[in-house]
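For reference, the chains in residue letters:
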Amino acid sequence: MSGVGFGMGQRPVNRRQRAVKSLWTGIWLVYLSAPVTDLLHGGHSTGVTILGWTGLAAFVTWYMLLVFRTGRGERNTLVLASLGVLAAQSTLLALTLGREWLVLFVYVSIASGAALPLRMARWTIPAACALLTAVALATHDGMSYLAGLLIPALLGGFAMTGVRELVRTTIALREARATVAQLAANEERLRLARDLHDLLGHSLSLITLKSELAGRMLPGRPDEAAQQVADIEQVSRQALVDVREAVTGYRRPRLHAELAGARVALAAAGVTAELPAEPGLDGVPEESESALAWALREAVTNVVRHSGARRCTVELLCRQTLDGPVLELTVEDNGSGGPGSGHGNGLAGLTERLTKAGGTLEAGPLKPGFRLVARVPTAGPADVGSPA
């Protein structure tokens, strides 16, 4: 989605999303209040204060750049060098300005967990804590701060390793969903290609043979050649009927088949699905059923490819309105929304299909998620029910 929010593991794509990520990354800098207070009220000389502010600004900038770009594919050697710079800054500032600056080592430990794989972070986090202990011993009255900083450094660092793995898993899952959707589309194209090949292969071969035969008969046996031409016309007409039926079947999906396909697609994408049992559609015009089937296909495709949802609910209910009975299809998920801020080509085409069938479409975001409601008129009450 193109708003302020974006899913875990997704890179910010505009200025507003970058600002949001910077805010969430930088909100933890509030714990730097001790060094800031020391610079404001520590009684340092003007030169020392200026150097302290410069060092703190350099530390925060380096830390933000390292954490903000976590997962961008940087080499581990570059990350280790960056962590070495942070550790060196922390050591220099703590030894120069006092115990209040020992808190910087907590950020070094957290950056280690966020930017390095677990196989390396399990060594760098204890190393940062060991350096914290050594500097605290060398700093005046530093031991009084050590107990309150050592545990947060350890727990914060290893907690960030879990967050890093969660982000990596989320990225892999999102890529897998996109792959599943692409494979489903490719399979559908292959199915249509196979159907057309099976339908036209025999007919075109027969037309070719009869055309060659008619060409040979034409000089000496025109009556028999005319019969072959008549056969060619009959075969071509039948082939045209078969192709029309195949394309019509492709463009007019059935609702029960789409429900079965939705169950398979959602399960393959790791989405918990609540679908109605196979409905009885007596009294529902074929055009109305086809429009609802297209609506279900479009909604499920958006859930699998765009929403990042973990749950999807499909309801199929028959309602009585002032304009008569309608069959209502509702598809709701708990993801991050639709594929864009507005209605895309899929929803625009779906609206046209439903309007042609005398129905309506409502689609919009929830908090969280997205809901699509399609309604079509029916000739009578259909045998449908709530989700199974």
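Residues numbered from 1 in each chain as written. Predicted model: local features only at pLDDT ≥ 70, side-chain atom pairs only at ≥ 80, totals over all residues. Heavy atoms only, no water.

The name given to the chain in an unreviewed UniProt entry is Two-component system sensor histidine kinase DesK, with the source organism recorded as Streptomyces collinus.

*Asks:* Even after reading the chapter, I still don't get the side chain of Glu 100, so can you show me in this structure?
*Replies:* Residue placement: Glu 100 occurs in the loop between α4 (76-97) and α5 (104-115). Residue Glu 100 is classed as buried on the basis of its relative accessible area, which comes to 18%. Setting aside its immediate chain neighbours within four residues, Glu 100 contacts Ala 34, Pro 35, Asp 38 and Tyr 145. (Helix = DSSP H or I, 4+ residues; strand = E, 2+ residues; numbered from the N terminus. Buried < 20%, exposed > 50% of the residue type's maximum accessible area, 1.4 Å probe, protein only. Contact = heavy atoms within 4.5 Å.)

*Asks:* Explain α5 here, please?
*Replies:* For the α-helix, the turn length of 3.6 residues means that residues three or four positions removed from each other point alike. The terminal C-alpha atoms of α5 lie 17 Å apart, and with 12 residues this matches the ideal 16 Å at 1.5 Å per residue to within 8%. For α5, a buried count of 12 out of 12 residues is recorded, marking the element as mostly surrounded by other parts of the structure. All of the buried residues along α5 are Leu 104, Phe 105, Val 106, Tyr 107, Val 108, Ser 109, Ile 110, Ala 111, Ser 112, Gly 113, Ala 114 and Ala 115. (Expected span 1.5 Å × (residues − 1).)

*Asks:* Explain the packing of aromatic side chains here, please?
*Replies:* The way to describe two aromatic rings as a pair is by their centre distance and the angle between their planes. Scanning the model with the defined rule gives two aromatic pairs in all. Both rings, one in Phe 59 and one in Tyr 107, keep their centres 6.5 Å apart while their planes meet at 85°; by these two values the pair is edge-to-face. With a gap of 48 residues between them, Phe 59 in helix α3 (residues 46-68) and Tyr 107 in helix α5 connect regions that are remote in the sequence. For the pair Phe 59 and Tyr 107, one class covers both residues: buried. By way of ring pairs, the aromatic residues Phe 59, Tyr 63 and Tyr 107 are connected into one cluster. Of note, Arg 297 hangs over the ring of Trp 294, and the distance from its end group to the ring centre comes to 4.6 Å. Over the face of the ring belonging to Trp 294 we find Arg 353, whose NZ or CZ atom lies 4.2 Å from the ring centre. (Phe/Tyr/Trp six-rings, centres within 6.5 Å; stacked < 30°, edge-to-face > 60°. Lys NZ or Arg CZ within 6 Å of the ring centre and 35° of its normal.)

*Asks:* Explanation requested: the sheet that holds strand β4 (residues 360-366) in the structure shown.
*Replies:* Pairing between sheet strands relies on hydrogen bonds along the backbone, with the strands arranged either parallel or antiparallel. Read across the sheet, five strands follow the order β1-β2-β3-β5-β4 without closing on themselves; strand pairing throughout is mixed. At either end of the open sheet lies a strand with only one pairing partner, and these are β1 (272-274) and β4. The mean inter-strand angle of the sheet, taken between neighbouring strand axes irrespective of direction, is 15°. Note: strand β3 (residues 324-333) against strand β5 (residues 369-377), eight bridges, orientation antiparallel. For Leu 329, the partnering residue across the bridge sits in β5 and is Ala 374. (Pairing = 2+ DSSP bridges. Axes fitted to C-alpha atoms, helices over the stretch in contact; angles between N-to-C directions.)

*Asks:* Help me understand the pattern of salt bridges, please; the structure alone is not making it clear to me.
*Replies:* Here the idea is simple: oppositely charged side chains can pair when their charged atoms come close. Inspection of every chain in the model, using the stated rule, returns eight salt bridges. In this structure, the salt-bridge partner of Glu 332 is Arg 371, at a minimum N-O distance of 3.2 Å. Taken together, the residues Glu 332 in strand β3 and Arg 371 in strand β5 connect sequence positions 39 residues apart. Through salt bridges with shared partners, a single network forms among Arg 319, Glu 328, Glu 362 and Arg 375. (Salt bridge = Lys/Arg side-chain N within 4 Å of Asp/Glu carboxyl O.)

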